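Descriptive analysis of the structure
Now for the letters of each chain:
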Amino acid sequence: MTFVAKPRVHHPRLPVNEIGLTRRDYEGSVSTLCAGCGHDSVSAAIVQATSELSIPPHRFAKVSGIGCSSKTPSYFLNKSHGFNSVHGRMPSVMTGANLANRDLHCIGVSGDGDSASIGLGQFSHIVRRRINMLYIVDNNGTYGLTKGQFSATNDKGSTSKKGVPNLYEPIDLVTMALQLGASFVARSFSGDKKQLIPLIQAGLKHKGMAFIDVISPCVAFNNHSGSTKSYEYIRENSGSAMAADYVANAQEITADYEPGTKEDVNMPDGSVLRLSKLDASYDPHDRVGALSYVMRQQEKGDVVTGLLYVDPEASDCHEIMNTCATPLNALNEAELCPGSDALAAINQSMR
Amino acid sequence: MTKNQSNKADAVRYNDLVVRFANVNGSGSASANGMFAKALFRMGVPVATRNIFPSNIQGLPTWFEVRVSEQGYLGRREGVDIMVAMNAETFAEDVASVSPGGYFVYDSTKPLDPKLRRSDINEVGIPLASLMMTEFSDLKQRGLFKNVTYLGALAELINIEFDVITGMVASAYKGKDALIAPNIRALEIGRNYARDYLTAPLPLQVRRSDAVGDRIMIDGNTAAGLGSVYGGATVCAWYPITPSTSVAEGYEKYANQLRMDKTTGEKNFAFVQAEDELSAIGIVIGAAWNGARAFTATSGPGISLMTEFLGLAYFAEIPAVIWDIQRSGPSTGMPTRTQQSDLLAAAYASHGDTKHPVLLPSTPKECFDFAADALDLADRLQTPILVLSDLELGMNDNLSDPFEWDDSRRYDRGKVLDAAALDATERFGRYLDVDGDGIGYRTYPGTHPEKGAFFTRGTSRDEYAAYTESPEVYEENMRRLELKWRTIAKAVPAPEVVNRDQRIGVLYFGTTALPMTEALDRLRVEGIELDEIRLRAFPFNQTVVDFIDKHDFVFVIEQNRDAQMKTLLMAECGFDAKKLVSVLYYGGLSISADTIQEQISDHFTAQKLPRLTGVQS
């Protein structure tokens, strides 16, 4: 197998974004995942979301762990650096990358095996550290590359392709993220582009860690009638609590919403996150309420999607640590080395 | 020994003694003991300190040993001349460890158990508890000032200049003036008791010297942390583990002091206490991938956890600096004792065909220098650099040459292409060996809108970082990494050789250097003269190979059971096992001059090797 580059020719009338680039400038190489894989829809959503945001494509840093999901950073944003790192360790590598250059837009892609099993510890701690990044889990409930073992997010009673039921309780990353103090928590479905794209855009604009758990069916191993992560099951059992729309600051807001059901959240760069409640009682700024709502719906077998919690005032790790505005990787001797006079004084203090 | 006992008119021995303090962990003895060592240092007398402590916060026995040597022997030697026994639980073992003719200082408020008495040593009883009882009403104060009181008595017993100690008390409690007077009072109580009731001074004494010269006193871990600040490290990610913790804490202390904007409090560094060592090394690798100078500090168990990442960093060619402050073995047992037993684990860490450069500092100065050098080497060589120190060097105050920094020194960021360089490049290939040294050019994320972006993964990629599983491409890449390894051998710190035109040599590294001078001086008296080589890094360069080649055989001294350095020399240079004779110690204390002397001398005797001047009895 070799790397396959997409042909560079494209339609001359392809629309351009504010910085004169087309969607093609945000694409990656040809996917080697199975035809129909939900992960490819997530990659496509990232391409569209990022091109619409008009961020120069080389200003992203993409980091992943290991697994089908972690291959996907090859399939979007070819002009940015990517790092397919170690199984379950995307959060630590992304932490380092973000510390080194706070100006880059960080996208971490992981899977349910990567984040809910081998990397559960790193997942928890990156939530605590509030790294300014978008953290996407392509959640299919199965280990695809090793041929269909259950993952830790697989629901109890859900069956394998051969009909064997899963005997263990699932780990839900959304409720974990809420409980651990994440400042932006969403769940979506790879087949719902309309919902996913604005969530990705809002997540990228959010200061701190934005977590999106994307149910992304595995067509090879977990898309059968006994699965609770199949296209069919999710289409029938998902309900959106909170629809989100990302409105760039340059755009005029024209949409008309029912009074009392919409809310505009101001993002750090002046853009607006427009929320509309589908369930009138839902409050996206109530962490405990969100937890309880998601868990109650889970009891009924329903998968709640949409933006579940956001704290627009959140801080990120650089604010917490009070690091300087200049990216750390751009500092040199003049800023970093205290020099020989300071050293002479230190020597003196050791006498 | 009371005033009435005679001193047998022994000749006074100056500036040559070992004092060991036996205390209870957490009893506040550390500062008094530290002051004792520092006072001698300030009198210009070379001292070396060793903490022998348990993995415990309060209650278990702890010892503090001070080696005093006018000749500058800073390694450990066997035997204790003065035992300050303040822990009743360890009395039996403490009495037993005193050298014949030595002194046993104890709290004589309670009489010493007659069963513990030894006729060949001198008892020095000071009624510390009862002295404290009359002087201080507060229970806690009685406990704390007891330590200062025995310090005062010791000052009188071995002739430490009293002004030096009182001066230290004054500066130690600057700003807490209320503490100065009672501390000085406690010192005086001890001194006065020794003056009035004991035969003081003893025939073991200290006196002012100029043997310290301009040297400073510092532990290796603090030196490593400071060196990392000077070397431009901007990201330190770590997880607490004895005996490495003070590397990260040293970095944080000096970075806060020297790298923080005084008005805004903004820091030009990031200091992250990670959730575990897996995360610590992941953060370092992510930061270095994105162009920041990053390091971590850990000990053996942490190295084990980091090995998967080290393999990735080797194949993906990402710089990283990892300090391993070695201790004795696994999680429980002797985590607070010293060894050199991570050598193979560090050199060959990880899966697949991996090898890593290892630096081997011997002194705090070298810890400082190697900290900055390792950051340069990691960037230049685009690979993880492991620095192997140990508890002996890392956590004990050692004499060191003062640190130096050349203000004209520039950080070596290695081969990095910026936007202008990329514009001038026709086609960028991350793993293309443009210069023939096995090292490609890298780019930082976000550098150029069109050029220089690449996807980092393990091995399945070609010179342009494009995905491939071609066997030919894989082998070609591995051959380039071999070529890079040869470049690395020329770049790491060279060994130090002392040539005396002998047929037999001795090879050592790290803290084994501390007792070497003394061991070799003693062997010389026995008619054994050896050439020396002190290794400062792995991979071995030609000097190492030549040194071993030209000698009949070479003693390889190391502080582990399995002769790991010997194994490494045999594996990497193809030496015959007979050519390398092991001298091993792995008891968890630092290797002593006595051990080295004895094992080498025994080998000479067993092999009937000729001595230069005949064995002296």
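Above this note sits the structure.
Residues numbered from 1 in each chain as written. Chains lettered and ligands numbered in written order. Predicted model: local features only at pLDDT ≥ 70, side-chain atom pairs only at ≥ 80, totals over all residues. Heavy atoms only, no water.

Further remarks concern the overall build of chain B. A count of helices and strands for chain B gives 19 helices and 23 strands. Whereas a compact globule of 617 residues would reach a radius of gyration of roughly 25 Å, chain B reaches 27 Å, a difference of no more than 12%. When the backbone C-alpha atoms are referred to their principal axes, chain B occupies close to 90 × 70 × 45 Å. Considering chain B as a whole, with its 617 residues, one finds that 61% of them fall into the buried category. Expressed as a percentage of contacts within chain B between residues at least 6 apart in sequence, the contacts between residues at least 24 apart total 75%. (Helix = DSSP H or I, 4+ residues; strand = E, 2+ residues; numbered from the N terminus. Rg over C-alpha atoms; globule rule 2.2 N^0.38 Å. Buried < 20%, exposed > 50% of the residue type's maximum accessible area, 1.4 Å probe, protein only. Contact = heavy atoms within 4.5 Å.)

Residues and elements named next belong to chain B. Strand order across the open sheet formed by 6 strands is S3-S4-S2-S5-S6-S7, with mixed pairing between neighbours. With partners counted over all chains shown, the strands left at the sheet margins are strand S3 (47–52) and strand S7 (122–126), one partner each. Within the sheet, the average angular offset between the axes of one strand and its neighbour, ignoring direction, is 15 degrees. Bridge analysis of strand S2 (residues 16–24) against strand S4 (residues 61–69) gives 9 bridges, and the strand direction is antiparallel. Its bridge partner being in S4, Ala22 is matched across the sheet by Trp63. (Pairing = 2+ DSSP bridges. Axes fitted to C-alpha atoms, helices over the stretch in contact; angles between N-to-C directions.)

Turning our attention to helix H9 (residues 277–289) of chain B. Over its 13 residues, H9(B) extends 18 Å from the first C-alpha to the last, a length consistent with the 18 Å expected when each residue adds 1.5 Å. Directly after H9(B), the chain includes B:Gly291, whose backbone phi takes a positive value near 90 degrees. (Expected span 1.5 Å × (residues − 1).)

Right, let's get into the sheet that holds strand S10 (residues 235–238) of chain B. Across a sheet, paired strands are connected by hydrogen bonds in the backbone, their directions being either parallel or antiparallel. Residue and element names in this part refer to chain B. The 7 strands lie next to each other as S11-S10-S12-S13-S15-S14-S21, forming an open sheet whose pairing is mixed. Edge strands, defined here as strands with exactly one partner in the open sheet, are strand S11 (270–273) and strand S21 (537–538). Note that strand S14 (residues 358–359) and strand S15 (residues 384–390) share 2 bridges and pair parallel. Bridge assignment links Leu359 to a residue of S15, and that residue is Val387. In the packing of H9 onto the sheet, the strands contacted are S10, S11, strand S12 (294–298) and strand S13 (320–326), and the crossing angle to S12 comes to about 160 degrees.

The subject of this paragraph is the pattern of salt bridges. Opposite charge on two side chains permits pairing when their charged atoms draw close. Residues and elements named next belong to chain B. Across all of its chains, the model carries 51 salt bridges over all chains by this definition. Put simply, Glu572 and Lys355 hold a salt bridge, and the shortest N to O gap is 3.2 Å. Here Lys355 lies in the loop between helix H11 (343–347) and S14 and Glu572 lies in helix H18 (residues 564–573), a separation of 217 residues in the sequence. Bridged by salt links that share partners, the residues Arg293, Asp373, Asp376, Asp379, Arg409, Arg413 and Arg442 form one connected network. (Salt bridge = Lys/Arg side-chain N within 4 Å of Asp/Glu carboxyl O.)

In this section: the interface of chain B and chain A. Facing 70 residues of chain B, the contacting portion of chain A comprises 55 residues. When the two sides are added together, the surface that chain B and chain A hide from each other amounts to roughly 5300 Å², 62% of it contributed by carbon and sulfur. Contact with chain A buries area across many residues of chain B, yet B:Glu275, B:Trp289 and B:Phe455 alone supply 12% of it, more than any other trio. Put simply, chain B and chain A have 2 salt bridges between them. (Buried area = accessible area lost by both parts, 1.4 Å probe.)

A word on the state of the cysteines. All names here are of chain A. Tallied over the entire structure, the rule returns 0 disulfides over all chains. Cys317 provides the cysteine sulfur closest to Cys106, a residue in no disulfide bond, and the two sulfurs are 9.0 Å apart. Cysteine Cys218 shares no disulfide, and the gap to the nearest cysteine sulfur, in Cys34, comes to 6.4 Å. (Disulfide = S-S within 2.5 Å.)

A word on unusual backbone geometry. Residues and elements named next belong to chain B. Each neighbour pair has its own omega, and for Thr242 with Pro243 the value is 5 degrees, a cis peptide bond. Here Pro243 lies in the loop between S10 and helix H8 (245–258). Between Phe538 and Pro539 the backbone carries a cis peptide bond, its omega angle lying at 5 degrees. Tracing the chain through its elements places Pro539 in the loop between S21 and helix H17 (542–550). Phi at Asn159 is positive, roughly 75 degrees, even though this residue is not glycine. Of note, Asn159 is situated in the loop between helix H4 (139–158) and helix H5 (162–172).

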